[in-house]
Amino acid sequence: MGFFDFMTEDIAIDLGTANTLIIHNDKVVIDSPSIVARDRITGKIIAVGKEANMMQGKTHENIKTIRPLKDGVIADFDASEKMLQMFIKSIPALKKKLFTPALRLVICIPSGITEVEMRAVKESAERVNGKEVYLIHEPMAAAIGIGIDIMQPKGNMIVDIGGGTTEIAVIALAGIVCDKSVKIAGDVFTNDIIYYMRTQHNLFVGETTAEKIKIQIGAAVEDLESAPEDMSVQGRDLLTGKPKQVDVSYREIAKALDKSIQRIKDAIMETLSQTPPELAADIYNTGIYLAGGGSMLRGLDKRISLKTDLPVYIAEDPLRAVVRGTGMALKNLAKYKNILIK
């Protein structure tokens, strides 16, 4: 086994709907959008990650941009495998190697995933030379990444708002006691903004622009203390067909996102109502932890806090909490053996 160990590289992957992150040697080496661009004629992948992301919405008929993951699970098996392959190949430390080393992988998956979807992730990993593949549930990884000691007989509530899914889980004794996975997250927020701009301003904006709006002035409440400046948004006028520009304030985005945020709040309330009383007592003291890109929406923590009457904490560097936790699980395989799915 010794020689094999010497040849094996350890890699932790957060294969997300919106972003894929990879940790190798305790460093985040890949942090890229989960998107590939494919040449329609040859079928070859011509760009992946940031490069492909810049092409999104600007392609001609011979190029197609694909997001291989939808709602946290693999929707396009071939594209996701190619994407993983290209990401792993571009890890600086592995580039120097003569041949691809065998990999020991830990990949995180949504908690509401089916057997079949789980197998798709495993097979993808095996195809990129993964000799040992472990899976870990996202809320678990997020909890480890936030720095919670999950082994304790103490209840903690994690809400991980990603691109495709929002994962809500109550964790105690290194296990998930009750969880809920809802398909309302960053992508839905982006679509809400597109719809709002369409109906309220007669302005047709693309996904990339809508995402920029979300990041720059996105909000969950209509009265922020430190309000972002209004943003000038360009798109196509639906009435005249001409390009035009509109100024949008964060209050409008809060209106646009209201229904989706309401549904996330409802899911949190439902999970709380299923929590055993002893754990509910713990959560009253520890509060709720937010992770994932969606948790950076201005005022969302306040809004959840008002609804639940609990303190709400945002993880530091929420975008990387999950991959950090996955990396820690990989480092301490023996300690976390029982929460990893072989």
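In this text, all values refer to a predicted model and were calculated from it rather than measured experimentally.

Visitor: Now, about helix 11 (residues 300–308): what can you tell me, with residues and values included?
Guide: Inspection of helix 11 places Leu 300, Arg 303, Ile 304 and Thr 308 among the buried residues, and these make up the whole buried set. All buried residues of helix 11 project into a common sector of 120° when viewed along the axis, lining one side. In this fold, the buried residues of helix 11 make contact with strand 11 (156–161), helix 9 (250–274), strand 17 (288–291) and strand 18 (312–314). Downstream of helix 11 by one or two residues, Asp 309 has phi in the positive range, about 60°.

Visitor: I'd like a description of empty space enclosed by the protein, backed by residues and values.
Guide: Summed over the entire model, instances satisfying the criterion amount to 1 cavity of 30 Å³ or more. Considering only enclosed or pocket space, the largest cavity measures out at about 40 Å³ in volume. Lining the largest cavity are Leu 15, Leu 69, Gly 72, Cys 108, Ile 109, Pro 110, Ile 113 and Val 121. Here the lining of the largest cavity is composed, by residue class, of 7 nonpolar, 1 polar and no charged.

Visitor: I'd love a proper account of the sheet that holds strand 17, names of residues and values included.
Guide: Spatially, 13-12-11-17-18 is the arrangement adopted by the 5 strands of the open sheet, whose pairing is mixed. Looking along the sheet, the strands with just one partner apiece sit at the ends: strand 13 (175–182) and strand 18. Direction aside, neighbouring strands of the sheet carry axes that sit 20° apart on average. Where strand 12 (residues 166–172) lies against strand 13, 7 bridges are found, and the strand directions are antiparallel. Following the sheet pairing, Ala 172 is matched in strand 13 by Gly 175. The strands that helix 6 (residues 138–146) touches are strand 11, strand 12, strand 13 and strand 17; relative to strand 12, the one it contacts most, it runs at about 65°.

Visitor: Give me the lowdown on helix 10 (residues 277–286), citing residues and values where you can.
Guide: Residues of helix 10 that are buried include every one of Leu 279, Ile 283 and Thr 286, and no others. What you see down the axis of helix 10 is that its buried residues fit within an arc of 70°, all on one side. More than 90 degrees from the buried face of helix 10, the exposed residues found are Pro 277, Glu 278, Tyr 284 and Asn 285. Residues of helix 10 that are buried make contact with strand 11, strand 12, strand 13, helix 9, strand 17 and strand 18. Phi turns positive one or two residues past the end of helix 10, at Gly 287, with a value near 85°.

Visitor: Run through the UniProt feature "binding site: ATP" (unreviewed entry) in the protein, naming residues and quoting values.
Guide: With numbering matched to this structure, UniProt assigns "binding site: ATP" (unreviewed entry) to Thr 17, Ala 18, Asn 19, Gly 163, Gly 164, Thr 165, Glu 211, Lys 212, Ile 213 and Lys 214. Annotated residues from the preceding list that form part of the lining of the largest pocket: these are Thr 17, Ala 18, Asn 19, Gly 163, Gly 164, Thr 165, Glu 211, Lys 212 and Lys 214. Its place among the elements puts Thr 17 in the loop between strand 1 (8–15) and strand 2 (19–24). For Thr 17, a relative accessible area of 5% corresponds to the buried category. Residue contacts for Thr 17: discarding those within four places in its chain leaves Ser 34, Arg 67, Leu 69, Lys 70, Asp 71, Gly 72, Gly 163, Gly 164 and Asp 187. Engagement of the side chain of Thr 17 in a polar contact is seen with the backbone nitrogen of Gly 72, the distance being 2.8 Å. Mapped onto the fold, Asn 19 is located in strand 2.

The rules behind these values
- Residues numbered from 1 in each chain as written.
- Predicted model: local features only at pLDDT ≥ 70, side-chain atom pairs only at ≥ 80, totals over all residues.
- Heavy atoms only, no water.
- Buried < 20%, exposed > 50% of the residue type's maximum accessible area, 1.4 Å probe, protein only.
- Helix = DSSP H or I, 4+ residues; strand = E, 2+ residues; numbered from the N terminus.
- Arc of directions from axis to C-beta.
- Contact = heavy atoms within 4.5 Å.
- 1 Å grid on protein atoms, 1.4 Å probe; cavity = no way out; pocket = protein on both sides within 12 Å on 5 of 7 lines; lining within 4 Å.
- Points joined across faces, edges and corners; volume = space filled by probe spheres on them.
- Nonpolar A, V, L, I, M, F, W, Y, C, P; charged D, E, K, R; others polar.
- Pairing = 2+ DSSP bridges.
- Axes fitted to C-alpha atoms, helices over the stretch in contact; angles between N-to-C directions.
- UniProt positions renumbered as here; feature names shortened; annotations may be inferred.
- Polar contact = N/O pair within 3.5 Å; in protein donor to acceptor, adjacent residues only side chain to side chain.

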